[in-house]
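Tertiary structure, described
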Amino acid sequence: MALSRDDSPKSARDRIAALRPLLEEEPQTVLAEAAAILRSERDNIDALLISAAALRRLGQPSRGFQAEHEALRASLRQPPVAEAARALNEGRLHAAERLLRPYLDEQPDDPAALRMMAAVARMSDRQEDAVPLLQRALDLAPDYAPARQELADAFAKLSRRDEALKEAGKLLAAQPDHPPYLDLKANILNGMGRYEEAAAIYERLIARLPDAPMLWHSYGHILRTLGRLDESVSAYRRVIALAPDTAGAAWWSLASLQTFRFSDDDIAAMTAAVAQEGASEDERLRIHFSLGKAFEDRKDWARSFDHYVEGNRLRRAQLRYDAEEASFAVRRSIALFTPEFFESRKGQGCAAPDPIFVIGLQRSGSTLVEQILSSHSRIEGTAELPDVPAFALRLGAKPFGEAGPTYPESLAALDAAKLKALGEEYIERTRVHRGTDRPFFIDKLPNNWAHIGFIHSILPNAKIIDVRRHPLDCCFSNYKQLYAMEQRFTYDLAELGRYYRDYVEMLRHFDQVRPGLVHRVIYEQLVEDIEGEVRRLLDYLGLPFEPSCLRFYENERAVRTASSEQVRRPINRSGIGRWKPYEPWLDPLKEALGPVLTLFPEVPPLGETEPASAGLAGT
C-alpha cells in the first residue's frame, strides 16, 4: 500500500528508509514511491538502488540492472566522487581518501564511492580493509561486476581462495565466456595449486584469442610450473613475437629459466629494445636483468655485472625500503621473544603438528629441501603460502622495512584463546592447498623467518627448518633475481648484506632462547652428503627415512619458484661458488655481511665432506 502524503517523511532519505521494510511484501509500492522521488531528484542514488531492488523482486532483472547502472553513473556525477576518481587515476591516494571519507559520511550507501575507497585500501596494501567495503557495495548493487571482480582478487591476495573462486563463479555465471573472468579464475586456480585446471582455461582462452600476449605469458608460467619447459619457452617466444616493443617480462621469463640460453639474435634484440626511445622503466629494467643473465652464461662477467647493476638501480628507485627499520624490527623481536615470554605461554596455541615451515633467504636451497621432503610418503608440498604475513599485517605489521608497526609487540596482548584461534585459523586457511591425506604439509615462504616467534606462539608443535647457503652465493643470487614488489631488500648489495646479517641475528637468538626449535640445513653440506643430511632432517621431524627422498628429482609435483628446473635434476654442485667470478665488484656486499661472512665454513672440495664448524648453528 502506498504511503499517504500526510505520513510521508520530509526528506527523500527518510522516505526511502521507510520504504525498505516494504521491499519483500510490497515491491510495487516501493517502485512507485521511488519513481516519485526520482521525478524531482533524478540523481538520487538511494532511490535508484531501491528501484533496482524492487524491480528484481518483481521479476524484472534487466530493468533492475539498468536502474543499478544508472545509480553508479549518478554517483560519478557527484563532484567529490568525480574528483576522487581523477585522484585515483593519477595515483594520489591520500587526496582520493580525503575526498571520499566526508562524502561517505553523508552518502554511506553509494556503491561506486565504496568501491573507490576499497581501491585506496588495495593500492595501499590493505586488502583486508577493502573486503568489507566491496561486500557492502555488492549488497547495494549485486550486479556491480567490477566490484565483484576486485573482491575476488582481494580474497585471492589474502589467500582466501575458496571465497575468491566463489566470486569468480558468480561473474562467470552471468558471462560464461568473458575472457577477464576466465583469466581471473585461472589465476585463482593457479594460487590453489590446481595447475592443470588453470592450464586448461588458458588453452581455451588462447584458442579464442591467439594474439593476446598476456594470455600467452600467463600460460607460459603455468607450463613452467608443470615442468613442460619446451612448451613454456614457446609461449614466451610467442609473447615476444606478438609484442616486441613491450616484451621485457617475456625476456625475463626466459632468462629465469636456468637451462635456457639466449642466441646472438636475442641479445641484439634486447640491446636494441633497452636503448629504444620511449621504453618504459619497467621494460628497461627487465631487459637489463635478462642481459645480465645472457652475458653471465657467456662468461662475460663485466658486461653481465653492468647490466645487473643497472637493472637493480632502476628497481630500487621504485621501492620504499628502509634497511634501518628492518634491523629495528629484528631488534624488537629479539627484545620481545625471551625465554620468559614462551614459558608463560607454555601449552597455549593450536596443538596441530601438521605444518613444516621451511624458512631462510630466497635462493638458499629451500626449494630443494621442500622437494626432498615432499618426496616422503607422509609429507605434502604446497607452495610459498602468504598466510603468516597476512596474520602479521592484521596484528599491526607493516611491510618489512617500513616504519610504524605495532607488531610483534601486539602478540604480548593475545590470550590463550586468541593464540589457539589463530593457529586453528591458519590450519583451516591452508587446507585449500592440501590435495592429499598426508598428515604433514610444507609452508615454504622464506620470509617467515621474521615471524618465528609468532609461528611458535600459535603453532607450538610446528616444525621449523632454516635452510642456509653461503652468504655470498645466496646474496648475489638474490641480486641477480627480479622479484615481485614484496622482496624490497634485494636490489642493493649493501642492503642485501645487512638483511642477511639481520636474518642470522634473529636465528641466533632463537637458537639461544628455544634450543632445538629450529633445525638448520646447510645447503653445501646437503650437496656433499645428501643421505646423511636427509636422515638428520627426518630424525628432527620424527619420520622414518625413505629412499624416495634421495630421488626427489623423480617427484612430478608442480614447483612454482625460480628453482623449479634445478629440483627436477639430481643434486649437483653447480650452485656453489657462483659469486666468485663477480668478486671484484662485491666489496659493498662483503662489508655489509661483516662477521657473518667469516663464520660460514669453507666449502670442502668435491668428494670430501667435513662437519660444520662448531659455531655455525648459532650463526
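Residues numbered from 1 in each chain as written. Predicted model: local features only at pLDDT ≥ 70, side-chain atom pairs only at ≥ 80, totals over all residues. Heavy atoms only, no water.

A few words on the packing of aromatic side chains. Applying the stated criterion across every chain yields a total of 30 aromatic pairs. Summarising the aromatic geometry, the rings of Phe-476 and Tyr-582 are spaced 4.5 Å apart at their centres and angled 45 degrees between planes, so their arrangement reads as tilted. Taken as a pair, Phe-476 in helix α25 (residues 471-479) and Tyr-582 in the loop between α28 (530-541) and α29 (587-593) lie far apart in primary sequence, 106 residues in all. Seen from their ring centres, Tyr-500 and Tyr-503 are 5.4 Å apart, and the 80 degrees between their planes marks the pair as edge-to-face. Residue Tyr-500 and its partner Tyr-503 are both found in helix α26 (residues 493-513); the two are separated by 3 residues, about one turn of the helix. For the pair Tyr-500 and Tyr-503, a shared accessibility class is recorded, and that class is buried. (Phe/Tyr/Trp six-rings, centres within 6.5 Å; stacked < 30°, edge-to-face > 60°. Helix = DSSP H or I, 4+ residues; strand = E, 2+ residues; numbered from the N terminus. Buried < 20%, exposed > 50% of the residue type's maximum accessible area, 1.4 Å probe, protein only.)

A sheet is described by the order of its strands in space; here 5 strands give the open sequence β2-β3-β1-β4-β5, paired in parallel fashion. The sheet is open, and its two edges are formed by β2 (379-383) and β5 (518-522), each paired on a single side. For this sheet the average axis-to-axis angle between neighbouring strands, irrespective of direction, equals 25 degrees. As paired strands, strand β1 (residues 355-360) and strand β3 (residues 440-443) are joined by 3 bridges and run parallel to one another. By the bridge assignment for β3, Ile-356 is matched with Ile-442. (Pairing = 2+ DSSP bridges. Axes fitted to C-alpha atoms, helices over the stretch in contact; angles between N-to-C directions.)

Charged atoms that come close allow side chains of opposite charge to pair. What the rule picks out here adds up to 52 salt bridges. We note a salt bridge from Arg-122 to Asp-153, for which the minimum N-O separation is 2.8 Å. With Arg-122 in helix α7 (residues 111-123) and Asp-153 in helix α9 (residues 145-157), this residue pair connects regions lying 31 residues apart in the sequence. With relative accessibility at 21%, the residue Asp-153 sits in the partly exposed group. (Salt bridge = Lys/Arg side-chain N within 4 Å of Asp/Glu carboxyl O.)

Another aspect to go through is helix α13 (residues 213-225). Here α13 contains 13 residues, and its C-alpha end-to-end distance of 19 Å stays within 8% of the 18 Å for a straight helix at 1.5 Å per residue. α13 sits mainly inside the fold: 10 of its 13 residues count as buried. Residues of α13 that are buried include every one of Leu-215, Trp-216, His-217, Ser-218, Tyr-219, Gly-220, Ile-222, Leu-223, Arg-224 and Thr-225, and no others. Among the residues trailing α13, Gly-227 stands out with phi positive, at a value near 85 degrees. (Expected span 1.5 Å × (residues − 1).)

By size, the foremost hydrophobic cluster in this structure holds 204 residues, and its most contacted members are Leu-373, Trp-449, Ile-465 and Tyr-500. With near-sequence residues (within four places) excluded, Leu-373 lies in contact with Ile-356, Ile-379, Ile-442, Ile-465, Leu-537, Leu-538 and Leu-541. (Core = buried A, V, L, I, M, F, W, Y, C linked by side-chain atoms within 4.5 Å. Contact = heavy atoms within 4.5 Å.)

Note on placement: Arg-42 falls in the loop between α2 (27-40) and α3 (45-57). For Arg-42, a relative accessible area of 59% gives the class exposed. As for Arg-42 and Asp-443, which are separated by 401 residues in sequence, their C-alpha atoms are 54 Å apart. Look past the residues within four positions of Arg-42 in its chain and what remains in contact with it is Leu-48 and Arg-77.

So, about the packing of helix α10 (residues 161-174) against helix α11 (residues 179-191). A pair of packed helices is characterised by two quantities: the angle between their axes and the separation of those axes. Direction vectors running N to C along α10 and α11 enclose 160 degrees, while the axes themselves pass 10 Å from each other. It follows from the interaxial angle that α10 and α11 lie roughly antiparallel. Note on packing geometry: the crossing formed by α10 with α11 is left-handed. Where α10 abuts α11, its residues Arg-161, Ala-164, Leu-165, Ala-168, Leu-171 and Leu-172 lie against Tyr-181, Leu-182, Leu-184, Lys-185, Ile-188, Leu-189 and Gly-191. Along the lines of polarity and charge, the residues of the contact of α10 with α11 split into 10 nonpolar, 1 polar and 2 charged. (Parallel < 35°, antiparallel > 145°, perpendicular 65-115°, else oblique. Left-handed = near helix turned anticlockwise from the far one by under 90°. Nonpolar A, V, L, I, M, F, W, Y, C, P; charged D, E, K, R; others polar.)

In this section: α3. Because each turn of an α-helix spans 3.6 residues, side chains separated by three or four positions end up pointing in the same direction. Taking 1.5 Å per residue, 13 residues should reach 18 Å; α3 reaches 19 Å between its end C-alpha atoms and fits that length. Buried residues dominate α3, accounting for 11 of its 13 residues. Along α3, the positions that sit buried rather than exposed are Ile-45, Asp-46, Ala-47, Leu-48, Leu-49, Ile-50, Ser-51, Ala-52, Ala-53, Ala-54 and Leu-55. Buried residues along α3 sit in contact with α1 (12-19), α2, α4 (61-76), α6 (93-106), α7 and α8 (127-140). Regarding α3, its N-cap is Asn-44, as a side-chain oxygen of that residue lies 3.2 Å from the backbone nitrogen of Asp-46 further along. Taken from the residues just after α3, Gly-59 is the one with a positive phi, measuring 75 degrees. (Polar contact = N/O pair within 3.5 Å; in protein donor to acceptor, adjacent residues only side chain to side chain.)

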